[in-house]
Amino acid sequence: MMNASLLPSTTDTWQVGDVTLQSRFLLGSAGYPSPQVLREAIAAAATQVVTVGLKRILAATGDNGFIAAIRQALTETGARLLPNTAGCRTAREAVQLARMARELYDTSWIKLEVIGDEHTLQPDMFELHAAATELVRDGFTVFPYCTDDLVGCRRLLDAGCPLLMPWGAPIGSGQGLLNVFALRTLRERLPDTVLIIDAGIGAPSHAAQALELGFDAVLLNSAVAHAREPVAMARAFRLAIEGGRIARQAGVLAPQDFAVASTPVGGEPLLLGKAMG
């Protein structure tokens, strides 16, 4: 039997408004090879939040069972649906889509995406702020997909967003955490804010690094959906995220610019053979 101390702590939780979450792995639902694989991946991830693109939902006539699979997985696992406004280019479009999602799914949660560049899919922080301000005023709990710009992130918090979702790298690129300095600065300057790395995660090691830096959770999709074995990869990410969180709590060794001997060099020499004889 596994030592209970090695298992994730049931008291190590985080909050979104009045909702308490234990899993720090938010999973996307696009691009899976089949509805069954999607369902199994959601279960293997042990996620409590699953994101779904609203434009995809509204065009579900050619969905081939994926929306039904998501609904079934949410029922089986008790996970929450987080609709997102992926594909929106203006604040007005995102706000309209968010309101439609609330009517369809009876949830005030919305992952807010407003893209400003077609090549990098970088968030437009100006349109994002405008949309967030209106949606918060409208009673939404806004999960804003944003850049790692500290000042822009503070403006989103001022607008009423309860958390931030800065990118690690461009969406779907799998490059990991490209600007660790900026991400570390966000964590240090916003110590009481829930921060979730969203976009660019390609390997479980990237997710572990995010948790080691002190981020509260990660959201990813492509790295699992496009893996050779998506279900196994979902489990790998879950374990990496748990490991990164435990490492953060235990205290990760700070990097040094010079060598630091790990073995004491003073005192009397110890001959193991003689000492043990």
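Caption draft 1: Examining the overall build of the chain more closely. Within the chain one finds eleven helices and ten strands. Looking at the 277 residues of the chain, the share that counts as buried comes to 45%. The long-range fraction of contacts in the chain, counting pairs at least 24 apart against all pairs at least 6 apart in sequence, stands at 65%. As presented, the chain carries roughly 14300 Å² of accessible surface, and 54% of it is formed by carbon and sulfur atoms.

Caption draft 2: Looking closely at the pattern of salt bridges. The full count for this structure, using the stated rule, is twelve salt bridges. Asp12 is paired through a salt bridge with Arg24; the nearest N and O atoms lie 3.1 Å apart. Separated by twelve residues along the polypeptide, Asp12 in the segment before strand S1 (14–16) and Arg24 in the loop between strand S2 (19–21) and strand S3 (25–28) bring together distant segments of the chain. Overall, Asp12 belongs to the buried group, its relative accessible area being 14%. Among the ionic contacts, a cluster of salt bridges with common partners joins Arg99, Arg102, Glu134 and Asp138.

Caption draft 3: Inspection of the packing of aromatic side chains at higher detail. If you walk through the whole model with that rule in mind, you get two aromatic pairs. An angle of 45 degrees between the planes, with centres 6.2 Å apart, marks the rings of Phe25 and Phe237 as tilted. Placement of Phe25 in strand S3 and of Phe237 in helix H10 (residues 230–250) is noted, with a sequence separation of 212 residues between them. There is no split in this pair, since Phe25 and Phe237 are both buried.

What counts, and where the lines are drawn
- Residues numbered from 1 in each chain as written.
- Predicted model: local features only at pLDDT ≥ 70, side-chain atom pairs only at ≥ 80, totals over all residues.
- Heavy atoms only, no water.
- Helix = DSSP H or I, 4+ residues; strand = E, 2+ residues; numbered from the N terminus.
- Buried < 20%, exposed > 50% of the residue type's maximum accessible area, 1.4 Å probe, protein only.
- Contact = heavy atoms within 4.5 Å.
- Areas by Shrake-Rupley, 256 points an atom, 1.4 Å probe, with all protein chains shown as cover.
- Salt bridge = Lys/Arg side-chain N within 4 Å of Asp/Glu carboxyl O.
- Phe/Tyr/Trp six-rings, centres within 6.5 Å; stacked < 30°, edge-to-face > 60°.

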